[in-house]
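Close look at the chain arrangement
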Amino acid sequence: MSPRRAARRVRAHAAAALAGALMLLPGLATPARGQANPTSKPGVLAEGRPEPLVDIELVQRLDEPLPLDLPFRDEAGRNVVLGDYFGERPVILALVYYDCPMLCTLVLNGLQTCLDVVSFAAGSEYEVVVVSIDPTETPQLAARKKDAYLADHKRPGDAEGWHFLTGEQASIDALAEAVGFKYVYDPDSDQYAHASGIMVATPAGKLARYFYGVEYSARDVSFALMEASENRIGSLTDQLLLFCYQYDPETGTYGAAIFFIMRVAAVLTLVALGGGILLMRRRERRLAQAAGGARP
């Protein structure tokens, strides 16, 4: 570790812990479209947040395209563009930084735990793209981060589907703006304050779903990948189950589609009643015919 990064960790430990805790409070991830609430003068609290954190949020840009021509470097140091990971499969996208002492680790831990349960395979059915928001971070650091997570991942074959990128400030800013990821660099602590969450994009590079916080439902992420792939992945049972749920952009989760379920239940009830009546009528006819044939 370089002297600069060692000093960063010492100076930022307490500040980062506080910032990380603040990032977990409600409201720091904004599920719906919108702008940060303006504050009239420095130091005024907005939405219960200290002034430096007012503009930190994750604003949904549903159905908007990603800038796929942005240049980055992968964990092997190769020059790539964002579009290299699109075209065939849906993509899970996470913006973090690799030397983050708290919140980013929680985001990546939550993503790994979720994908351990998801039945789809990275690299063949979806891609995972993690992008550092710190332009000083290197491919070597990205490679160590990837190795650390894949060492514990339950599917070693998924390594080809996980990508840890670094890039210049211009590319980072353009991507952050496109996905609605608003963050702030604090020069005093040499740390970034940011919201927590992940996104799912379609193979064509359009933002499809957002998930907030540091824990992600395997069911919801599976549904998002199925929808983003235009139902090209997932079993018939998965597809039928998906009909019973719908995405709620206000919460960034899938909930039971109550009205749809009620309509299906009503139809099934009518079918059952109709079938019962039909069987009863047939039974009555048979009884009547049997009674008529038994008369002397």
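Residues numbered from 1 in each chain as written. Predicted model: local features only at pLDDT ≥ 70, side-chain atom pairs only at ≥ 80, totals over all residues. Heavy atoms only, no water.

Considering the pairing of strand 5 (residues 127-132)
- A large share of strand 5 lies buried, amounting to six of its six residues.
- Burial along strand 5 is two-sided: E127, V129 and V131 and V128, V130 and S132, pointing in opposite directions, are all buried.
- For strand 4 (residues 91-96) and strand 5, the ladder comprises six bridges, and the chain directions are parallel. Considered in strand 5, the bridge of L95 is made with V131.
- As for the winding sense of the linkage, the β-α-β connection from strand 4 through helix 2 (residues 103-117) to strand 5 is right-handed.
- With four bridges connecting them, strand 5 and strand 6 (residues 162-165) associate as parallel partners. (Buried < 20%, exposed > 50% of the residue type's maximum accessible area, 1.4 Å probe, protein only. Helix = DSSP H or I, 4+ residues; strand = E, 2+ residues; numbered from the N terminus. Pairing = 2+ DSSP bridges. Right-handed = clockwise from strand over helix to strand, strands pointing away.)

Concerning the environment of G205
- Looking at the secondary structure, you find G205 in the loop between strand 9 (197-201) and strand 10 (207-212).
- Residue G205 is classed as buried on the basis of its relative accessible area, which comes to 0%.
- Residue contacts for G205: discarding those within four places in its chain leaves E64, P65, L66, L68 and F86. (Contact = heavy atoms within 4.5 Å.)

Here's the deal with unusual backbone geometry
- Unusually for a residue other than glycine, D63 sits at a positive phi of about 70°.
- Residue placement: D63 occurs in the loop between strand 1 (57-58) and strand 2 (71-73).
- Take D63: its relative accessible area is 58%, and that puts it in the exposed class.
- Of note in the backbone geometry, D190 takes a positive phi value of approximately 55° without being a glycine.

A look at the pattern of salt bridges
- Across all of its chains, the model carries eight salt bridges by this definition.
- A salt bridge links R78 to D74; its shortest N-O distance comes to 2.8 Å.
- Note that E127 is salt-bridged to R89, the shortest N-O span being 2.8 Å. Within this pair, whereas E127 is found in strand 5, its partner R89 is found in the loop between strand 3 (79-81) and strand 4, the two being separated by 38 residues in sequence.
- Look at the salt bridges and you will find they share partners, linking E88, R89 and E127 into a network. (Salt bridge = Lys/Arg side-chain N within 4 Å of Asp/Glu carboxyl O.)

Regarding the nonpolar core
- Among the nonpolar cores identified, the biggest contains 68 residues, and L115, L175 and V179 are the most heavily contacted of them.
- In this view, L115 contacts I92, Y126, V128, H153, R155, W162 and V221; residues no more than four positions away in its chain are not counted. (Core = buried A, V, L, I, M, F, W, Y, C linked by side-chain atoms within 4.5 Å.)

Focus: the confidence of the model for the chain
- Chain-level pLDDT for the chain is 77 on average; 65% of the residues reach the 70-or-more range.
- Within the model, pLDDT remains below 50 along residues 1-46, and this stretch shows 92 contacts once partners closer than five positions in the same chain are excluded. (pLDDT = per-residue confidence, 0-100.)

A look at the environment of I198
- Turning to its location among the elements, I198 is positioned in strand 9.
- Here I198 is in contact with I92, L93, A94, V107, L111, R209, Y210, F211 and Y216, once residues within four sequence places are set aside.

Quick word on the side chain of R209
- Relative to the assigned elements, R209 resides in strand 10.
- For R209, a relative accessible area of 19% puts it in the buried group.
- A distance of 3.0 Å separates a polar atom in the side chain of R209 from a polar atom in the side chain of E227. (Polar contact = N/O pair within 3.5 Å; in protein donor to acceptor, adjacent residues only side chain to side chain.)

Focus: helix 2
- Taking 1.5 Å per residue, 15 residues should reach 21 Å; helix 2 reaches 22 Å between its end C-alpha atoms and fits that length.
- Of the positions making up helix 2, those classed as buried are L103, C104, V107, L108, G110, L111, Q112, C114, L115 and D116. (Expected span 1.5 Å × (residues − 1).)

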